[in-house]
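Chain residues, written in single-letter form:
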Amino acid sequence: MSAPPPDVSVDTFRAAMSQLGAPVVVVTTDGPEGRHGLTVSAVCSVSDTPPTLLVCLNRGNRSYAAFAGNRVLGFNILGEDDQALAAAFASSRLQPEERFAHGTWHQAITGAPLLDRAVVSLDCTVEAVHVSGTHDVLMCHVKAIRHGADDIDVLTWFDRRFHALPRTKNTE
């Protein structure tokens, strides 16, 4: 019988995941625990019945308690011109109010901040939380969706760099 393979190192795992393209999304929250936001790529749809998204958040992040306590999230899918905004919300050096100085924001029906110029914004409530390693997986029920301009290419993260993903025009 052969020995089990060695554990995969953090660096090896991160290098492998850098080859998985992902949308660049700023998730936001506001409520009793304050207004906070983070740039994330660990977002995906779960179901369309009911409309559900998931996002993975590191419990060690200084904004995590606000997301967990407020239980409302705005998902803001960024466009190609939003690299500076994505960097601001990814920065550990900026305070929450400094992050929100980038862009123009409005309050969603849940109270979550939504970016006016987002390609798509989704207003959500947290329905369930699952623990996995250093992160929590938040299952979020979509309450409202707002589409932005359809001529903005989507900002993606691949191979540790930003890229623009061209959108095709819907001719239907």
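Let's shift gears to the overall build of the chain. Looking only at helices and strands, the chain has 4 helices and 12 strands in total. In terms of overall dimensions, the chain is globule-like: its C-alpha atoms have a radius of gyration of 17 Å, near the 16 Å expected for 172 residues. A buried classification covers 38% of the 172 residues belonging to the chain. The contacts in the chain between residues at least 6 apart in sequence include a share of 62% that link residues at least 24 apart. Separation between the mean location of the 14 positive side-chain charges and that of the 19 negative ones in the chain comes to 4 Å.

The subject of this paragraph is the pairing of strand 10 (residues 135–147). Sheet analysis places strand 5 (residues 51–58) next to strand 10, joined by 7 bridges and oriented antiparallel. What sits directly across from Asn-58, in strand 10, is His-135. The pairing of strand 9 (residues 120–132) with strand 10 spans 12 bridges and is classified as antiparallel. The residue bridging Cys-124 from the neighbouring strand is Val-142, located in strand 10. With antiparallel pairing between neighbouring strands as the criterion, strand 9 and strand 10 make up a hairpin whose turn holds 2 residues, including Gly-133 at a positive phi of roughly 60°.

Side chains of Val-8, Phe-13, Met-17 and Leu-20 sit close together on the surface and give an oily, nonpolar patch of about 420 Å² of accessible area. In this structure, Leu-20 sits in the loop between helix 1 (10–17) and strand 1 (22–23).

With respect to the element layout, Asp-123 can be found in strand 9. Look at Asp-123 and you get buried, because its relative accessible area is 2%. In the structure, Asp-123 is positioned 48 residues away from Phe-75 in sequence and 6.6 Å away in space, judged by C-alpha atoms. Apart from the residues lying within four places of it in its own chain, the contact partners of Asp-123 are Leu-73, Ala-108, Ile-109, Thr-110, Ala-112, Leu-114, His-141, Val-142, Lys-143 and Ala-144. Among the polar contacts made by the side chain of Asp-123, one reaches the main-chain amide nitrogen of Ile-109 at a distance of 3.1 Å.

Further remarks concern the nonpolar core. Counting 21 residues, the largest nonpolar core has Val-27, Val-40, Val-55, Leu-57, Leu-73, Phe-75 and Cys-140 as its most contacted members. Elements supplying a minimum of two residues to this core: strand 2 (25–29), strand 3 (36–40), strand 5, helix 2 (64–70), strand 6 (72–77), strand 9 and strand 10. A per-element tally of this core places strand 9 first, with 4 residues. What Val-55 contacts, discounting residues up to four positions off in sequence, is Val-27, Val-40, Ala-42, Val-43, Leu-73, Phe-75, Asp-136, Val-137, Leu-138 and Cys-140. Core analysis: the second largest hydrophobic core is formed by 11 residues, Val-24, Phe-100, Leu-115 and Ala-118 among them.

Each neighbour pair has its own omega, and for Thr-49 with Pro-50 the value is -5°, a cis peptide bond. Tracing the chain through its elements places Pro-50 in the loop between strand 4 (43–48) and strand 5. A positive phi angle, close to 55°, is found at Asp-159, a residue other than glycine. Counting through the fold element by element, Asp-159 comes out in the loop between strand 11 (154–158) and strand 12 (161–165). A relative accessible area of 29% places Asp-159 in the partly exposed class.

Let's shift gears to the environment of Asp-81. Its location among the elements puts Asp-81 in the loop between strand 6 and helix 3 (83–90). Sequence spacing of Asp-81 and Leu-155 is 74 residues, and the spatial spacing of their C-alpha atoms is 7.8 Å.

Reading across the sheet, the 7 strands line up as 3-2-6-9-10-5-4 and stay open at both edges, with antiparallel pairing between neighbours. The outermost strands of the open sheet, each flanked by one partner alone, are strand 3 and strand 4. Put simply, the sheet's adjacent strands are angled 30° from each other on average, direction ignored. Taken strand by strand, helix 3 contacts strand 2 and strand 3, and its axis lies near 115° from that of strand 3.

The rules behind the values
Residues numbered from 1 in each chain as written. Predicted model: local features only at pLDDT ≥ 70, side-chain atom pairs only at ≥ 80, totals over all residues. Heavy atoms only, no water. Helix = DSSP H or I, 4+ residues; strand = E, 2+ residues; numbered from the N terminus. Rg over C-alpha atoms; globule rule 2.2 N^0.38 Å. Buried < 20%, exposed > 50% of the residue type's maximum accessible area, 1.4 Å probe, protein only. Contact = heavy atoms within 4.5 Å. Lys, Arg positive; Asp, Glu negative; His and termini not counted. Charge placed at Lys NZ, Arg CZ, Asp CG, Glu CD. Pairing = 2+ DSSP bridges. Patch = residues over 30% accessible without salt bridge, like charges linked within 9 Å, V, L, I, M, F, W, Y side chains within 5 Å. Areas by Shrake-Rupley, 256 points an atom, 1.4 Å probe, with all protein chains shown as cover. Salt bridge = Lys/Arg side-chain N within 4 Å of Asp/Glu carboxyl O. Polar contact = N/O pair within 3.5 Å; in protein donor to acceptor, adjacent residues only side chain to side chain. Core = buried A, V, L, I, M, F, W, Y, C linked by side-chain atoms within 4.5 Å. Axes fitted to C-alpha atoms, helices over the stretch in contact; angles between N-to-C directions.

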